[in-house]
Amino acid sequence: MTAPHRERHRIDRVGWLRASVLGANDGLLSTASLVVGVTASGADRPAILVAGLAGLVAGAFSMAAGEYVSVSSQADLEAADLAREKAELAADPVAEEAELAAIYHARGLSEATARLVARELMAGDPLAAHARDELGITDEGAARPVQAALASAASFSVGAAVPLLLAILVPHSAALWGIVAGVLVCLAALGAVSATAGGASQSRGAVRVLIWGVLAMSATAAIGHLAGTAL
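Note that the coordinates shown come from a computational prediction; the quantities given were computed from them, not determined experimentally.

Cut-offs applied
Residues numbered from 1 in each chain as written. Predicted model: local features only at pLDDT ≥ 70, side-chain atom pairs only at ≥ 80, totals over all residues. Heavy atoms only, no water. Patch = residues over 30% accessible without salt bridge, like charges linked within 9 Å, V, L, I, M, F, W, Y side chains within 5 Å. Areas by Shrake-Rupley, 256 points an atom, 1.4 Å probe, with all protein chains shown as cover. Salt bridge = Lys/Arg side-chain N within 4 Å of Asp/Glu carboxyl O. Helix = DSSP H or I, 4+ residues; strand = E, 2+ residues; numbered from the N terminus. Buried < 20%, exposed > 50% of the residue type's maximum accessible area, 1.4 Å probe, protein only. UniProt positions renumbered as here; feature names shortened; annotations may be inferred. Core = buried A, V, L, I, M, F, W, Y, C linked by side-chain atoms within 4.5 Å. Contact = heavy atoms within 4.5 Å.

**Regarding a nonpolar patch on the surface**
Now for step 1: On the surface, a cluster of nonpolar side chains totalling about 400 Å² of accessible area is made up of Tyr68, Val69, Val146 and Leu150.
Now for step 2: When residues of the nonpolar patch are traced back to their parent elements, those giving at least two are helix H2 (45-91) and helix H6 (145-169).
Now for step 3: Positionally, tyrosine 68 belongs in helix H2.
Now for step 4: Of the residues examined, tyrosine 68 reaches a relative accessible area of 41% and is grouped as partly exposed.

**Concerning the UniProt feature "transmembrane region" (unreviewed entry) in the protein chain**
Now for step 1: Here the UniProt feature "transmembrane region" (unreviewed entry) sits at residues 21-40, 46-65, 148-169, 175-197 and 209-228.
Now for step 2: A distance of 32 Å separates the end C-alpha atoms of residues 148-169, which is 100% helix and 0% strand.
Now for step 3: Counting secondary structure, residues 209-228 comes out at 100% helix and 0% strand; the distance between its end C-alpha atoms is 28 Å.

**Quick word on the nonpolar core**
Now for step 1: Ranked by size, the top nonpolar core spans 21 residues in total, and within it Val36, Ile48, Ile179, Val183, Leu187 and Met217 carry the most contacts.
Now for step 2: For this core, the secondary structure elements donating two or more residues are helix H1 (14-40), H2, H6, helix H7 (175-197) and helix H8 (202-230).
Now for step 3: With 7 residues, the single largest contributor to this core is H1.
Now for step 4: Not counting residues within four places of it along the chain, the set of residues in contact with valine 36 comprises Leu176, Ile179, Val180, Met217, Thr220 and Ala221.

Below you can see the structure in the form of structure tokens.
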């Protein structure tokens, strides 16, 4: 008996990869920009740390709330579609079987094979078949609001902790450039790691996040400097 052919694809990583990279990148960049802006204003170390810690906490809760609301809306839509499909299956199973067969025929099966596949799936778990092939809802991709909220808050916090640690460890006289340099290194590493996980170019992934990092921190540094000069 021939052993089953196993293939390794990266598409199954898209959910957690997107959430993790987005959260960590947002935490790192937004908190770093805040810390750099306050540092450029000439504030002392305690003020910088308070601003950074406030940004971390507020950002983590904001990310968690945003993900929870967004994914909850997705879950509500999925539940409504499944309820409607269940009612349609109960009301007219023949039409639903024909609909399923049409889907398989459109994907390349012959009409006879498509009808046979639809009939056998309808005899098993018709709702699961329609959820997967008509609605695109699977157990693996189902919306999980709490999981998404916790993952986003955690990844944001990890990213946001970096500029805070740099603000503590770097001498205050060199805090501005020390934080900027450290954050840019971390952004490049994050971009390269996420690109590797997705099978893309490391250098391209690093450059993408570095451009936005430089723009964001330059803007807040300029605002902080102007505010500090005015005060």
